[in-house]
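Analysis of the macromolecular model
Residue-level listing of the chains:
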Amino acid sequence: MAKYLLLKHYRGAKPLDCAPMDQWTPEEVQAHIAFMGHVADQLRERGEFVDAQALSPDGMWVRFDGEGRPPVTDGPFAETKDLIAGWMVIDVDSAERAQEAAAYLSSAPGPGGEPIREWIEVRPFLENPPTVTD
Amino acid sequence: MEQLVRDLVPQVLGVLVRRGADFATAEDAVQEALLEAVRRWPDAPPDDPKAWLVTVAWRKVVDLSRSESARRAREERVHEEPPRGPVADEDDTLLLLFLCCHPALTPSSAVALTLRAVGGLTTRQIAEAYLVPEATMAQRISRAKRTVADAGVGAPGDLRRVLTVLYLVFNEGYSGDVDLSAEAIRLTRMLDAASDEPEVSGLLALMLLHHARRTARWDEHGALVPLAGQDRSRWDTRLIAEGVEILQAALARDRLGAYQAQAAIAALHCDARTAEETDWSQILEWYDELLRLTDSPVVALNRVVAVGEVDGPLVGLRELAAVPADVPRRTAVEAWLRERTGDLAEAHRLYAEAAATASSTAERDHLILQAARLPGS
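Residues numbered from 1 in each chain as written. Chains lettered and ligands numbered in written order. Predicted model: local features only at pLDDT ≥ 70, side-chain atom pairs only at ≥ 80, totals over all residues. Heavy atoms only, no water.

1. Here we look at the overall build of chain A
Inclusion rule: Strands here mean DSSP runs of E at least two residues long; helices mean DSSP runs of H or I at least four residues long; both are numbered from the N terminus. Throughout, exposure labels follow a simple rule: accessible area from a 1.4 Å probe, protein chains only, divided by the maximum for the residue type, with under 20% read as buried, over 50% as exposed, and the rest as partly exposed. Contacts were defined at the residue level, with two residues in contact if any of their heavy atoms lie within 4.5 Å.
Helix and strand content of chain A: 2 helices and 6 strands. Mapped from its N terminus to its C terminus, chain A presents α and β elements in the order β-α-β-β-β-β-α-β. For chain A, buried positions account for 31% of its 134 residues. Residue pairs at least 24 apart in sequence account for 78% of intrachain contacts in chain A once pairs closer than 6 positions are excluded.

Okay, here's the thing in structure tokens:
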């Protein structure tokens, strides 16, 4: 088993091919959200679900500014190119299965009930214990 | 009582399954029997705990299938009369182990089911060990049980699969509050006691010989210590002696297999008091043997390391050319060989490249350190 992070981006290198969500009808938005819940349920049912979180688009950059000094903050940036919307963590048997799950997540309905085919970034965890070899 | 119960549960489960109970029902029945044991044993300890558990659990199986058949009275159910298991004198725990490693299961499902049903670990312990939510692990286990029930009890897994599952558990190491390596060793011991297949002994020896070096494999910060840099005084000589003895008995039966060959290599490493004393020529011979047995590209890569030690890095690099480019850690091996030829800048570059594609943080950190040790170009 290996864990994978499925990252959803609000926008980024691979922008969505349809109207932004605030221009959808309430029914379309509801159907989309219901689908996300359905994906998580299905992963739970298969024994593959680890975690799912959505992130607020608000946020800021923070860094250390020397001992005894308050941290330096910057932002929020309305115009940041790439923004992570949320993620799912799954624990699956193969890389192929991780891709299949990501593709399913990407088939979420959008305007007119059509799959939005958004790009999902799939990243393997660096967790696999090193196999003992001599 | 806990240790007793952990030893008895798989045996009792095995008896029930052999008598014809389906897997899920049998497990529920054993759990109920255990609850009853907790209530009654303190006042009236049985003379034969296993027989007591079998009697009580079997009664529960009958009760459960009665209410089940009442509930599904109109349904035709094939599972009410499942095929009977293998011959009665086969060890019950063994039957259960084979069932848990059923060919219809994916390796990870087989691992989860084995730890639950044979290992007697709780779902929570298994979930913590594999860093997933308890509900996810519960679901994985119950799906696995359904898969086994659907596939039919008559077709348990083959021995090779059981060994693979046990080795997977072993390699998971220590996580959560469960020592999975120790658990794998315990189960493999059990299997070895009931089997006359030398590969089972080979796997047990391999586990013991790796386990003996476990504390030396990590430093106090959790960083990987390669074999050559390990403090050999921290190796467990008792485990090594046991592993070697088991291996020798297995090899004497003259049916060589991949686990015995790997154990032989591990034994040769354990035998060297210092890294310099390692008998690489013999190790290389065993790798030749192992490659003939497995034809695995990973083995071919590990063999190249032995070639590098015996015949030097230039011969090693020549043989590395035959190893496919996508074998994990190939770049790390190439870096090590380049370093030995004195091409430090290229070795630095290759270590950095290997770090970028490492599959664990421990391995990545180790490779970055190797790169940092050498001058860049």
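Picking up after the structure, the text goes on.
2. Overview of the overall build of chain B
When you go through chain B residue by residue, the secondary structure sums to 19 helices and 2 strands. C-alpha atoms of chain B, sized along the principal axes, occupy 80 × 40 × 40 Å. Expressed as a percentage of its 377 residues, the buried residues of chain B come to 50%. Long-range contacts, defined here as pairs at least 24 residues apart, represent 63% of the contacts in chain B between residues at least 6 apart.

3. Observations concerning the interface of chain A and chain B
The parts lose accessible area when they come together, and the size of an interface is often stated as this lost area. Cut-off, in case you're wondering: Accessible area that two parts lose when put together, with a 1.4 Å probe and added across both, is what the buried area reports. We define a salt bridge as a contact between a side-chain nitrogen of Lys or Arg and a carboxyl oxygen of Asp or Glu at a distance within 4 Å. In protein, a polar contact means a hydrogen-donor-capable atom and an acceptor-capable atom, both N or O and within 3.5 Å, with residues adjacent in sequence counting only if both atoms are side-chain atoms; elsewhere, any N or O pair within 3.5 Å suffices. Three classes are used: nonpolar for Ala, Val, Leu, Ile, Met, Phe, Trp, Tyr, Cys and Pro, charged for Asp, Glu, Lys and Arg, and polar for all others, with Gly counted as polar.
Taken together, the contacts link 21 residues of chain A with 33 residues of chain B. Overall, the association of chain A and chain B removes approximately 2200 Å² of surface from exposure, summing both partners, and the carbon and sulfur fraction of that is 49%. Linking chain A to chain B there are 3 salt bridges. Close ionic contact of B:Arg140 with A:Asp91 constitutes a salt bridge, the shortest N to O distance being 3.0 Å. The interface formed by chain A and chain B holds 10 residue pairs in polar contact (both at pLDDT 80 or more) in total. Of all the secondary structure elements, the ones that give two or more residues to the side of chain A that touches chain B are helix H1 (26-45) and strand S2 (49-54) of chain A. Taken together, the residues that form the side of chain A that touches chain B break down as 8 nonpolar, 4 polar and 9 charged.

4. Here we look at the pattern of salt bridges
Going through the model one piece at a time under the given rule, you end up with 32 salt bridges over all chains. Linking B:Lys145 and B:Glu27 is a salt bridge whose minimum nitrogen-to-oxygen distance equals 2.4 Å. With B:Lys145 in helix H7 (residues 134-151) and B:Glu27 in helix H2 (residues 23-40), this residue pair connects regions lying 118 residues apart in the sequence. Relative accessible area serves as the criterion here: at 4%, B:Glu27 is assigned to the buried category. In this structure, B:Arg340 and B:Glu309 form a salt bridge, with 3.4 Å as the shortest nitrogen-oxygen distance. Note that B:Arg340 is positioned in helix H17 (residues 330-341) and B:Glu309 in helix H15 (residues 297-311), a separation of 31 residues in sequence. Judged by relative accessible area, which is 27%, B:Glu309 ranks as partly exposed. Sharing partners across several salt bridges, the network here consists of A:Arg46, A:Glu48, A:Arg97 and A:Glu100.

5. Here's the deal with the confidence of the model for chain B
Residue and element names in this part refer to chain B. Threshold: A residue's pLDDT is the confidence the predictor assigns to it, expressed on a 0 to 100 scale.
A residue-level look at chain B finds 91% of positions with pLDDT of 70 or above and a mean pLDDT of 88. Mean pLDDT across the elements of chain B ranges from a minimum in strand S1 (residues 174-175), with 65, to a maximum in helix H16 (residues 313-320), with 98. Predicted confidence is poor over residues 74-90, with pLDDT under 50, and the contacts of this stretch with residues over four places away or in other chains come to 16 contacts.

6. Description of the nonpolar core
Residue and element names in this part refer to chain B. To be explicit about the condition: To define a nonpolar core, start from buried Ala, Val, Leu, Ile, Met, Phe, Trp, Tyr and Cys residues and group those joined through side-chain atoms within 4.5 Å.
Leu16, Phe23, Leu53, Tyr130 and Leu191 are the most contacted members of the largest nonpolar core, which has 99 residues in total. Sort the elements by how many residues they give to this core and helix H13 (residues 258-271) lands first, with 10 residues. Dropping the residues within four chain positions of it, Leu53 is found in contact with Leu8, Val12, Ala33, Leu34, Ala37, Trp41 and Trp58.

7. A few points about the packing of helix H9 (residues 180-194) of chain B against helix H10 (residues 198-211) of chain B
All names here are of chain B. Rule in force here: Axis lines are fitted through C-alpha atoms, for helices just across the contact stretch, and the angle between N-to-C directions can take any value from 0 to 180 degrees. Between 65 and 115 degrees an angle is taken as roughly perpendicular, under 35 as roughly parallel, over 145 as roughly antiparallel, and anywhere else as oblique. For any pair of crossing helices, the crossing counts as left-handed if the nearer helix is rotated counterclockwise from the farther one by less than a right angle, and right-handed if it is rotated clockwise.
Two elements in contact, H9 and H10, have axes whose closest approach is 9 Å; the angle formed by their N-to-C orientations is 155°. The pairing of H9 with H10 is recorded here as roughly antiparallel in orientation. For the pair H9 and H10, the sense of crossing is left-handed. Along its contact with H9, which presents Ser181, Ala182, Ala184, Ile185, Thr188, Arg189, Leu191 and Asp192, the element H10 presents Val200, Ser201, Leu203, Leu204, Met207, Leu208 and His211.

8. Description of the packing of aromatic side chains
Our working rule: Classification of ring pairs uses Phe, Tyr and Trp, with its six-membered ring standing for Trp, and accepts pairs whose centres are within 6.5 Å; under 30 degrees between planes counts as stacked, over 60 as edge-to-face, and the remaining range as tilted. Only when the NZ of Lys or the CZ of Arg is both within 6 Å of the ring centre and within 35 degrees of the ring normal is a charge said to sit over the ring.
This model, assessed by the stated rule, comprises 4 aromatic pairs over all chains. Centroid distance B:Tyr167 to B:Tyr259: 5.8 Å. Interplanar angle 85°. Geometry classified as edge-to-face. Of this pair, B:Tyr167 sits in helix H8 (residues 159-172) while B:Tyr259 sits in helix H13, and the two are 92 residues apart along the sequence. The class for B:Tyr167 is buried, based on a relative accessible area of 11%. Put simply, the rings of B:Tyr167, B:Phe170 and B:Tyr259 pair up and form one aromatic cluster. Taking the ring centre of A:Phe49 as reference, the NZ or CZ of A:Arg44 above it sits at 4.2 Å.

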